[in-house]
Amino acid sequence: MEKIVDRVGYEGGGMFPSELLLFIYFCDKRKVDTIIESGRYRGYSTAILSEYFVDKDIDIYSIERNKNTEVEEIARKKVDNNNVEFKYGDSTEVMKRYVGGRTTALIDGPKGDKAVLFAAKLMKHNDISLVAIHDLYRNRFARNMSELIFNHKYYSDNEKYVGEFKYMDEKCWHRAGDNTEPFQWDRKDIGSYARTLGVFLNNDPPVNKQAEENIYEYLDNKQTEYKYNNTPLYNIRNQLQTQINEGGPVQSTIAGGILKIGRKILP
Ligand SMILES: C[S@@+](CC[C@H](N)C(=O)[O-])C[C@H]1O[C@@H](n2cnc3c(N)ncnc32)[C@H](O)[C@@H]1O
């Protein structure tokens, strides 16, 4: 793996070698037939996977949402083995086309809540052996969600794991961006060594159904609240209320009158 990391050369925006190593370890352990990556960008993770599995009988599909971007050429140059097929589209819609045999999925776009709920859905597919999600550092709601939902989980920010493998990432920090160092990303305290890969095994049962349902309900309520708070009528009501509270006597009386008449239609 060290030789591959040196040969491939890090690309900013990419996952770190120690994180990819965790994914590769589980792919080996699970004897996979197919690897599907979601979120290719400049092709760093794709190139590492391609190089590592080059002599194995494994199909690798790499899905990127955006076609014909500037970074497409960079990714094509980076991956020069023919064990990877480049695919396009929103992976939450197209990924299932490529599932075949024992399959692992590496999600590095979409991110956050969306990635966690997508992974939980993928777990319902019998051929999916494990799903890994990038960007699950501790100071993030999606990390908490993943800890609640998945029953069989490993994170690359595990202290022992970091102690053992952080040396692999040494050359990447300066390419990852200014103000970026362990436990910090863009000056933000992330509570984890790096952006962090979570690996979730599809062992029986892979998902805590009650937690999954509660999270869907919580997100639904949040969305309803958001929609409600952003309706034009809600804004009018708020403006009238502000005028009643803060306007002069005339303005306040007029606003009060309008609000009284409008109460039937204003939320
Ligand atoms: C952080 S970059 C990926 C970096 C890459 N995995 C690496 O380690 O080198 C995230 C990428 O995910 C892509 N992406 C975001 N949402 C996606 C989706 N729903 N389906 C496919 N690709 C997506 C973005 O366009 C972006 O190129």
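Residues numbered from 1 in each chain as written. Predicted model: local features only at pLDDT ≥ 70, side-chain atom pairs only at ≥ 80, totals over all residues. Heavy atoms only, no water.

Peer 1: Help me out: how do you make sense of the overall build of the protein chain in this one?
Peer 2: Counting its regular elements, the protein chain contains 12 helices and nine strands. Relative to its length of 267 residues, the protein chain is extended, with a C-alpha radius of gyration of 24 Å against a globular reference of 18 Å. Expressed along its principal axes, the backbone C-alpha trace of the protein chain runs to roughly 80 × 40 × 40 Å. Residues classed as buried in the protein chain amount to 46% of the 267 residues present. Within the protein chain, contacts between residues at least 6 apart in sequence are counted, and of these 77% link residues at least 24 apart. When the accessible area of the protein chain is evaluated, it comes to approximately 14700 Å², of which 48% is carbon and sulfur surface. Of the charged side chains in the protein chain, 39 are positive and 40 negative, and the gap between their average positions amounts to 5 Å. (Helix = DSSP H or I, 4+ residues; strand = E, 2+ residues; numbered from the N terminus. Rg over C-alpha atoms; globule rule 2.2 N^0.38 Å. Buried < 20%, exposed > 50% of the residue type's maximum accessible area, 1.4 Å probe, protein only. Contact = heavy atoms within 4.5 Å. Areas by Shrake-Rupley, 256 points an atom, 1.4 Å probe, with all protein chains shown as cover. Lys, Arg positive; Asp, Glu negative; His and termini not counted. Charge placed at Lys NZ, Arg CZ, Asp CG, Glu CD.)

Peer 1: Got a minute to help me understand the domain arrangement of the protein chain in this structure?
Peer 2: By convention, interface size is frequently given as the accessible area that disappears when the constituent parts associate. When its domains are assigned, the protein chain resolves into domain 1 (2–208) and domain 2 (219–261). Distance between the C-alpha centres of domain 1 and domain 2: 46 Å. (Domains from an automatic or database assignment.)

Peer 1: What's the story with the site of the ligand in this structure? I'm lost.
Peer 2: Inspection of the region around the ligand gives 19 residues, with Met 15, Gly 39, Ser 45, Glu 64 and Asp 108 positioned closest. The contact in question runs from a nitrogen atom of the ligand to an N or O atom on the side chain of Ser 45, over 2.9 Å. Between the ligand and Asn 66, the relevant distance is 3.2 Å, taken from an oxygen atom to a side-chain nitrogen or oxygen of the residue. In isolation the ligand offers 610 Å² of accessible surface; the protein chains occlude 89% of this area. A class-by-class count of the residues in the shell around the ligand yields four nonpolar, nine polar and six charged. (Near = heavy atom within 4 Å. Polar contact = N/O pair within 3.5 Å; in protein donor to acceptor, adjacent residues only side chain to side chain. Nonpolar A, V, L, I, M, F, W, Y, C, P; charged D, E, K, R; others polar.)

Peer 1: Is there a simple way to think about the nonpolar core in this case?
Peer 2: Considering soluble globular proteins, one finds that nonpolar side chains tend to be buried as a cluster. Within the largest apolar cluster, 44 residues are counted, with the highest numbers of intra-cluster contacts made by Phe 23, Ile 35 and Ile 48. Elements represented by at least two residues in this core include exactly α1 (2–8), α2 (17–29), α3 (44–52), β3 (84–88), β5 (128–134), α8 (159–165), α9 (173–176) and β9 (197–201). When residues of this core are assigned to their parent elements, the largest contribution, seven residues, is made by α2. Judged by nonpolar contacts, the second largest core, of 30 residues, contains Ala 115, Phe 118, Ala 119 and Phe 150. (Core = buried A, V, L, I, M, F, W, Y, C linked by side-chain atoms within 4.5 Å.)

Peer 1: Hey, could you run me through the pairing of β9 in this one?
Peer 2: Remember that side chains alternate between the two faces of the sheet whenever the strand is regular. Most of β9 is tucked away, with five of its five residues classed as buried. In the sheet, β5 pairs with β9 via five bridges, with the strands oriented antiparallel. Residue pairing across strands places Ala 132 opposite Val 199, the latter belonging to β9. Bridging between strand β6 (residues 153–155) and β9 involves three bridges; their strand directions are antiparallel. Residue pairing across strands places Tyr 154 opposite Val 199, the latter belonging to β9. (Pairing = 2+ DSSP bridges.)

Peer 1: Mind showing me how you'd approach the packing of helix α6 (residues 112–122) against helix α10 (residues 209–229) here?
Peer 2: Packed helix pairs are characterised by how far apart their axes lie and by the angle those axes make with each other. With their axes 12 Å apart at the nearest point, α6 and α10 run at an angle of 140 degrees to one another. The handedness of the crossing between α6 and α10 is left-handed. Across the interface between the two elements, Asp 113, Leu 117, Ala 120 and Lys 121 of α6 pack against Glu 212, Ile 215, Tyr 216 and Leu 219 of α10. In terms of residue class, the contact of α6 with α10 is made up of five nonpolar, no polar and three charged. (Axes fitted to C-alpha atoms, helices over the stretch in contact; angles between N-to-C directions. Left-handed = near helix turned anticlockwise from the far one by under 90°.)

Peer 1: Help me understand the packing of aromatic side chains in this model?
Peer 2: Applying the stated rule across the entire model yields 14 aromatic pairs. Judged by centre distance (4.9 Å) and plane angle (80 degrees), the rings of Tyr 52 and Phe 53 are edge-to-face. Judged by relative accessible area, which is 26%, Tyr 52 ranks as partly exposed. Relative to Tyr 218, the ring of Phe 141 lies with its centre 5.7 Å away and its plane at 50 degrees, an arrangement referred to as tilted. Residue Phe 141 is located in helix α7 (residues 141–149), and its partner Tyr 218 is located in helix α10; the two are separated by 77 residues in the primary sequence. The class of Phe 141 is partly exposed, set by a relative accessible area of 37%. These aromatic residues form a ring-pair network of at least three members: Tyr 10, Phe 16, Tyr 44, Trp 173, Trp 185 and Tyr 193. (Phe/Tyr/Trp six-rings, centres within 6.5 Å; stacked < 30°, edge-to-face > 60°.)

Peer 1: Would you mind showing me how to read the side chain of Ser 62 here?
Peer 2: Inspection of the secondary structure puts Ser 62 in strand β2 (residues 59–64). In terms of polar contacts, Ser 62 uses its side chain to reach the side chain of Glu 37, at 2.8 Å. In contact with Ser 62, not counting residues within four places along its chain, are Glu 37, Arg 40, Thr 46, Val 84, Glu 85, Phe 86 and Lys 87.

Peer 1: I would appreciate a short explanation of the packing of helix α11 (residues 232–246) against helix α12 (residues 249–262) in the present structure.
Peer 2: Remark: α11 packs on α12, axes separated minimally by 8 Å, with the N-to-C direction vectors making an angle of 145 degrees. Our pair here, α11 against α12, has a crossing hand that is left-handed. Mapping the contact onto sequence places Arg 237, Leu 240, Gln 241, Gln 243 and Ile 244 in α11 and Gln 251, Ser 252, Ala 255, Gly 256, Ile 258 and Leu 259 in α12. Class assignment for the residues of the contact of α11 with α12 results in five nonpolar, five polar and one charged.

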